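Listed below are the residues making up each chain.
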Amino acid sequence: QVQLVESGGGLVQAGGSLRLSCAASGRTFSTYNMGWFRQAPGKEREFVAAISWIGGSTLYTDSVKGRFTISRDNAKNTVYLQMNSLKPEDTAVYYCAADRRRRLFLSRNSHEYDYWGQGTQVTVSS
């Protein structure tokens, strides 16, 4: 079983930045596609970004392109989400997720991720 622990959330003013981290347990992190999702109050969980286990390719939802950057450090079993130019509509609980199936494509579908963290709150004030 893989455990994922997010950190780095908080309260920030619009236009500010935050960096989220997600630390994974286990020795197979480097073979997981990793994703970030978010869920705002009263809304469904939505895809934010993903990074592949091989080649480091990335995928973003349109609303965060050019503002958010996903990266990973396999030596530290950690995936990051650098969030710049934050907007009030980015307010949500952010979750990291791991897809253990060594897919050669990145998925936006939460059902294709096997492990989830507990989430970290990001609040952007206007």
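Going by the structure above, here's the rest.
Residues numbered from 1 in each chain as written. Predicted model: local features only at pLDDT ≥ 70, side-chain atom pairs only at ≥ 80, totals over all residues. Heavy atoms only, no water.

(A) Region of interest: the state of the cysteines. The final tally for this structure, using the stated rule, is one disulfide. Each sulfur in the disulfide pair C22 and C96 lies 1.9 Å from the other. Handedness here is read from the sign of the S-S torsion; for C22 and C96, about 40°, the answer is right-handed. One end of the pair, C22, is in strand β3 (residues 18-24); the other, C96, is in strand β9 (residues 92-99), and 74 residues separate them in sequence. (Disulfide = S-S within 2.5 Å. Helix = DSSP H or I, 4+ residues; strand = E, 2+ residues; numbered from the N terminus.)

(B) Spotlight on the sheet that holds strand β1 (residues 4-7). Ordered in space as β1-β3-β8-β7, the four strands form an open sheet in which the pairing is antiparallel. Two strands in the sheet have a free side with no partner beyond their single neighbour: β1 and β7 (68-73). Strand-to-strand twist across the sheet, computed as the mean angle between neighbouring axes with direction ignored, equals 15°. As defined by bridge partners, β7 adjoins strand β8 (residues 78-83) across six bridges and the pair is classed as antiparallel. (Pairing = 2+ DSSP bridges. Axes fitted to C-alpha atoms, helices over the stretch in contact; angles between N-to-C directions.)

(C) Inspection of the pairing of β1 at higher detail. Only one face of β1 is buried, namely the one carrying L4 and E6, since none of V5 and S7 on the opposite face is buried. Pairing of β1 with β3, which is carried by four bridges, proceeds in the antiparallel orientation. Bridged to V5 within β3 is A23. (Buried < 20%, exposed > 50% of the residue type's maximum accessible area, 1.4 Å probe, protein only.)

(D) Focus on unusual backbone geometry. Here the phi dihedral of S85 falls at roughly 50°; this positive angle occurs in a residue that is not glycine. Note that S85 resides in the loop between β8 and β9. Residues other than glycine seldom take positive phi values, yet R102 does so here, at roughly 55°. Among the residues examined, R102 registers a relative accessible area of 48% and is labelled partly exposed.

(E) Local environment of the packing of aromatic side chains. One pass over the full model with this rule turns up five aromatic pairs. Note on Y113 and W116: the rings are 6.4 Å apart at their centroids and 65° apart in plane angle, and the pair reads as edge-to-face. For Y113, a relative accessible area of 4% gives the class buried. Judged by its relative accessible area of 26%, W116 falls in the partly exposed class. The ring of W116 has R45 sitting right over it, with the charged end atom 4.7 Å from the ring centre. The ring of F29 has R72 lying over it, and the distance from NZ or CZ to the ring centre is 4.6 Å. (Phe/Tyr/Trp six-rings, centres within 6.5 Å; stacked < 30°, edge-to-face > 60°. Lys NZ or Arg CZ within 6 Å of the ring centre and 35° of its normal.)

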